[in-house]
Amino acid sequence: MFKAFRKQEGFTLIELMIVVAIIGILAAIAIPNFLQYQLKSRQSEAKVNLNAIKTSMIAFQAEKSCYLGVPTMGALGSVPAPNVKTIPVAWPSTAAGGAYPATVLAAGQAFCVAPPAGVALFQGVFTDIGFVASGNTAFQYITGPSALAAPIQACVGGAAPQTGAVVANATGFLASAQSNLDGDPTLSTWASSSDQGSQDCTPGVF
């Protein structure tokens, strides 16, 4: 008896090309969306830290009677720049002798209110207000007092970062966070204030 052989069947070249084309189309749609979602999720750092800065600033003002200015982050990484992708860095040590310790007040110095025959300081570092970021940070933070009429909108300055400069008759504070997560010509800016939580001042920009 002769054994019958089954007909060998498989995919044709056209069918394989159609499948490859479909996969390519799906990848072209999915990959950009995934990258956008990834960048958006990384912006949550600014949202969380600005809310923490707000809490720290309000607590500092309640204790010391002024809003401290933090004009620069010093050792906390490079300043974000157009066309340069920001690299996250670890928050420096705040211990004595570390890269970011609290301000050491000399004799006759005090924050906000000058002691008898002394000097009042209105600028310091984030460690002075009790704010320490956890993990690596891709954003640069600046905060300082504001003389704007309350309620102060977080993004009143638009995409411009705060200066941390001291102002007379402060009514509140403004804080900003900037980064360039995707390395394009535009910086991502977030902000918070004494009257408003963290806000995205440049929606759609990473």
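The structure we're discussing is the one just above.
Every chain is numbered independently, its residues counted from 1 as its sequence is written. Side-chain atom pairs in this predicted model are given and counted only at pLDDT of 80 or more, local residue features only at pLDDT of at least 70, and totals for whole chains, interfaces and linings cover all residues. Computation of side-chain values covers all heavy atoms of the structure but excludes hydrogens and water.

For the rest of this paragraph, the subject is the state of the cysteines. Note on terminology: pairs of cysteine sulfur atoms within 2.5 Å are recorded as disulfides. Scanning the model with the defined rule gives 2 disulfides in all. Each disulfide pairs two cysteine sulfurs, and for Cys66 the partner residue is Cys112, the sulfurs being separated by 1.8 Å. In this structure the cystine formed by Cys66 and Cys112 twists about its S-S bond by roughly -55°; its chirality is therefore left-handed. On the criterion of sequence distance, the pair formed by Cys66 in the loop between helix 2 (44-64) and strand 1 (89-90) and Cys112 in the loop between strand 2 (109-111) and strand 3 (119-121) is long-range, its members being 46 residues apart. In the protein, the bonded cysteines, numbered by position in the sequence, are linked as 1-2, 3-4. Only DSSP runs of H or I reaching four residues or more are called helices, and only runs of E reaching two or more are called strands; each is numbered from the N terminus.

With that out of the way, let us pick up the packing of aromatic side chains. For Phe, Tyr and Trp, where Trp contributes only its six-membered ring, two rings pair if their centres lie within 6.5 Å, and the inter-plane angle classes them as stacked under 30 degrees, edge-to-face over 60, or tilted in between. For the coordinates displayed, the defined rule picks out 7 aromatic pairs. With a centroid separation of 5.8 Å and 70° between ring planes, the pair formed by Phe60 and Phe111 is classed as edge-to-face. Here Phe60 is found in helix 2, whereas its partner Phe111 is found in strand 2, with 51 residues between them in sequence. For the pair Phe60 and Phe111, a shared accessibility class is recorded, and that class is buried. Measuring from centroid to centroid gives 5.6 Å for Tyr67 and Phe173, while their planes differ by 45°, and the two rings are tilted. Using a 1.4 Å probe on the protein chains alone, a residue whose accessible area is under 20% of its type maximum counts as buried, one over 50% counts as exposed, and one in between counts as partly exposed.

Take the pairing of strand 5 (residues 140-146) next. Taken across its 7 residues, strand 5 has 7 buried, putting it largely inside the fold. Paired strands are those between which DSSP finds at least two bridges. Of the strand pairs in this sheet, strand 5 and strand 6 (residues 172-179) are connected by 7 bridges, and their pairing is antiparallel. By the bridge assignment, Gln140 is partnered in strand 6 with Gln178.

As summarised here, the arrangement of the 4 strands in space is 5-6-7-8, forming an open sheet in which the pairing is antiparallel. Both edges of this open sheet fall to strand 5 and strand 8 (199-200), since each of them pairs with a single strand only. By the bridge criterion, 6 bridges tie strand 6 to strand 7 (residues 188-193) in an arrangement that is antiparallel. Note that in strand 7 the partner of Ala175 across the bridge is Ser192. Contacting strand 5, strand 6 and strand 7, helix 2 runs over the sheet at an angle of about 155° to strand 6. When checking whether two residues touch, look at their non-hydrogen atoms; a contact exists if any pair is within 4.5 Å. Interaxial angles span 0 to 180 degrees and are taken between N-to-C directions of axes, which are lines fitted to C-alpha atoms, for helices over the stretch in contact.

By relative accessible area, Phe111 is classed as buried at 11%. As a C-alpha pair, Phe111 and Ala147 span 36 residues in sequence and 19 Å in three-dimensional space. Not counting residues up to four positions away in its chain, the partners in contact with Phe111 are Phe60, Lys64, Leu68, Thr103, Leu105, Leu121, Gln123 and Asp128.

Within this document, salt bridges are pairs made up of a side-chain nitrogen of Lys or Arg and a carboxyl oxygen of Asp or Glu, the two lying within 4 Å of each other. Overall, the coordinates contain 1 salt bridge when judged by the stated rule. Close ionic contact of Glu63 with Lys64 constitutes a salt bridge, the shortest N to O distance being 4.0 Å.

To continue, consider the nonpolar core. The tendency in soluble globular proteins is for nonpolar side chains to be buried side by side. The definition of a nonpolar core used throughout is a set of buried Ala, Val, Leu, Ile, Met, Phe, Trp, Tyr and Cys residues joined through side-chain atoms within 4.5 Å. Counting 30 residues, the largest nonpolar core has Ile53, Trp91, Phe126, Phe139 and Tyr141 as the members making the most contacts within it. Contributing elements (two or more residues each) for this core: helix 2, helix 3 (126-129) and strand 6. Counting residues per element, this core draws most heavily on helix 2, at 5 residues.

The residue after Ala150, namely Pro151, is reached through a cis peptide bond having omega 0°. Inspection of the secondary structure puts Pro151 in the loop between strand 5 and strand 6. With a phi angle near 65°, Asn83 is a residue other than glycine that sits in the positive phi range. Mapped onto the elements of the fold, Asn83 is located in the loop between helix 2 and strand 1. Backbone geometry places Asn169, a non-glycine residue, at a positive phi of 55°.

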